[in-house]
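Coordinates in review
Single-letter residue listing:
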Amino acid sequence: MAEKHVVILGAGFAGLNAVRVLGREKNLRITLVDKNNYHLFLPLLYQVASAGLEAPQIAMPIRAFLRRYPNANFVMGQADRVDTQAKVLFVDGQPIPYDYLIVGSGSRNFDFGIPRGAQYAIGLKSLGEALRMRDRALSAAEEAVRTRDPERRKALLTFVIVGGGPTGVELAGALGELKKHVVARDYPELRGSRLRIVLIEAGERLLSAFSEGSSRYAERFLESVGVEVLKRTRVSEVTEAGVRLESGEFIPSFVVVWSAGVAGAALPGLPTGRGNRVATTPELSLSEAPEVYVVGDMNYLEANGKPLPQVAPVAMQQGTWAAQNILRHLRGQRPLPFRYKDKGNLAVLGRAKAVAELGRVRFKGFLAWITWLAVHIYYLAGFRNRLLVLSNWAYSYLTYDYAVRVIHHRHAFPQGQVQQAPEPVPVETG
């Protein structure tokens with residue numbers, strides 16, 4: 001059989017799992033394409049943003065990962081478009097022909113059209129965004145030490161998180177722990193000042209994918225570490241000076257984090273629909289181009305009348321499934337429809353506190369926290385990364401301290417009075 005070329009776009013969870021299946025197959029040549037030269041462990045990105053971990057500890061060089069797969073090579077570049085008829089992926093303007101294509105290019109932040117949301121709120125989908133958030137928060141604290149304006153100090157010490165899903169809740173919990181155990185020791189000049197953490201959720205409760213009991217437990221814990229939880233509250237505008245709520249209230253803040261939603265990272269040449277995702281057959285391929293598979297956050301496939309969630313377990317399973325279907329096709333077998341095995345939900349809240357729902361088994365507190373730690377260490381790529389992350393966690397647990405508080409880029413903040421809310425952006429109707 002002639003050698004076939006499989007191109008995999010995206011070195012996320014889906015892409016790496018596809019490589020694991022195809023990487024040692026004879027008569028197959030694998031090309032992995034990504035705009036970065038590393039695989040990023042997104043579930044721990046919030047810990048980089050909150051000064052708990054260094055960026056390299058949750059990133060693994062792709063070429064190091066590919067060492068064990070002799071028939072796989074790496075191309076670093078930005079995918080421009082795909083021509084499904086000619087079977088060519090264009091990367092930085094250069095064509096890469098393929099016999100099979102697996103698209104797992106992930107997702108991007110989605111601001112629901114909120115005015116200035118994309119401009120002033122910081123997302124958490126990349127290392128750059130996490131480092132920006134960390135630098136901005138630390139810079140705000142340093143600026144708060146220097147300013148004599150009490151209203152400006154309040155804005156500098158107010159952190160707003162939009163979105164009460166796992167990322168928002170975990171970040172809020174981490175910042176709450178930072179406030180409780182670190183800020184008073186690092187910033188004695190701010191004694192008497194209030195560090196305010198506001199978590200805004202549009203829905204009825206936090207962690208909507210979890211049970212009501214877990215949601216209530218999470219909310220109680222966050223409030224115990226000083227997080228203000230605003231439920232049934234929507235943001236109408238984000239400005240350089242804070243956020244405006246639909247009620248008209250304005251919250252002055254220079255650090256606004258957006259974790260309220262994501263959309264597929266569109267690739268020109270692929271048909272996109274709801275949420276900028278690509279609808280596929282149950283076998284994860286395009287009906288008009290069966291040699292093209294779309295997996296992970298880009299994929300739109302429903303199960304029990306609902307779209308599969310854009311989470312890491314779905315991406316990992318779909319990456320493996322798509323690769324196996326390619327092998328089945330090469331062997332003359334019929335590709336199989338994807339079946340997602342939901343292994344449950346985990347969310348860490350803070351020191352020795354987490355919630356876990358694994359099938360019908362639900363538990364919280366210390367045991368859930370240990371389970372969360374074990375699962376994340378297991379799936380983290382690279383032995384070195386596992387060792388570094390585990391040692392950092394042990395240090396933080398034993399010392400009540402966060403080890404990474406270095407400002408790489410100092411942020412400047414708008415000058416002038418902040419107690420007056422800016423005029424709202426007019427919204428066109430009709």
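Structure's up top.
In this numbering scheme, every chain counts its residues from 1 along its sequence in written order. Only residues with pLDDT of 70 or above have their local features reported here, since the model is predicted, and side-chain atom pairs are shown and tallied only from 80 upward, although totals for entire chains, interfaces and linings are computed over all residues. Side-chain measures were taken over the full set of non-hydrogen atoms in the model, leaving aside hydrogen atoms and water.

**What to know about the overall build of the protein**
Counting its regular elements, the protein contains 11 helices and 26 strands. The quantity called the radius of gyration is restricted to C-alpha atoms. Its globule counterpart is 2.2 Å times the number of residues to the power 0.38. The C-alpha atoms of the protein give a radius of gyration of 23 Å, which matches the 22 Å a tight globule of 430 residues would have. In terms of principal-axis extent, the alpha carbons of the protein reach across some 75 × 55 × 40 Å. Under the scheme applied here, a residue whose accessible area is under 20% of the maximum for its type counts as buried, over 50% as exposed, and between as partly exposed, the area being computed with a 1.4 Å probe on protein chains only. Scored against the burial criterion, the 430 residues of the protein give a buried share of 52%. Summed over its atoms, the accessible surface of the protein is roughly 20,300 Å², and 51% of this surface lies on carbon and sulfur atoms. Counting from the N terminus, the helices are DSSP H or I runs at least four residues long and the strands are E runs at least two residues long. In these tables, accessible area is a Shrake-Rupley quantity obtained with a 1.4 Å probe, and a residue counts as shielded only by the protein chains included in the view.

**Let's talk about the sheet that holds strand β16 (residues 250-252)**
DSSP bridges decide pairing: two strands pair if at least two such bridges lie between them. Ordered by their spatial adjacency, 3 strands build an open sheet running β14-β15-β16, and the pairing between neighbours is antiparallel. Every interior strand has two partners, whereas the edge strands, β14 (235-239) and β16, have only one. The mean angle between the axes of side-by-side strands here comes to 15°, regardless of whether they run parallel or antiparallel. With 3 bridges connecting them, strand β15 (residues 242-245) and β16 associate as antiparallel partners. Its bridge partner being in β16, Val243 is matched across the sheet by Ile251. Helix axes are fitted to C-alpha atoms over the stretch in contact, other axes to C-alpha atoms as well, and angles between N-to-C directions run from 0 to 180 degrees.

**Focus: the packing of helix α1 (residues 13-22) against helix α9 (residues 312-330)**
Direction vectors running N to C along α1 and α9 enclose 35°, while the axes themselves pass 7 Å from each other. Crossing geometry of α1 relative to α9 is assigned as right-handed. In this structure, α1 uses Phe13, Ala14, Asn17, Ala18, Val21 and Leu22 to contact α9, whose residues at the interface are Ala312, Ala315, Met316, Gly319, Thr320, Ala323, Gln324 and Leu327. Each residue gets one of three labels, nonpolar for Ala, Val, Leu, Ile, Met, Phe, Trp, Tyr, Cys and Pro, charged for Asp, Glu, Lys and Arg, and polar for the others, Gly among them. For the contact of α1 with α9, a count of residues per class yields 10 nonpolar, 4 polar and no charged. By convention, the crossing between two helices is left-handed when the near helix turns anticlockwise from the far helix through less than a right angle, and right-handed when the turn is clockwise. Between two residues, a contact is recorded if the distance between any of their heavy atoms is within 4.5 Å.

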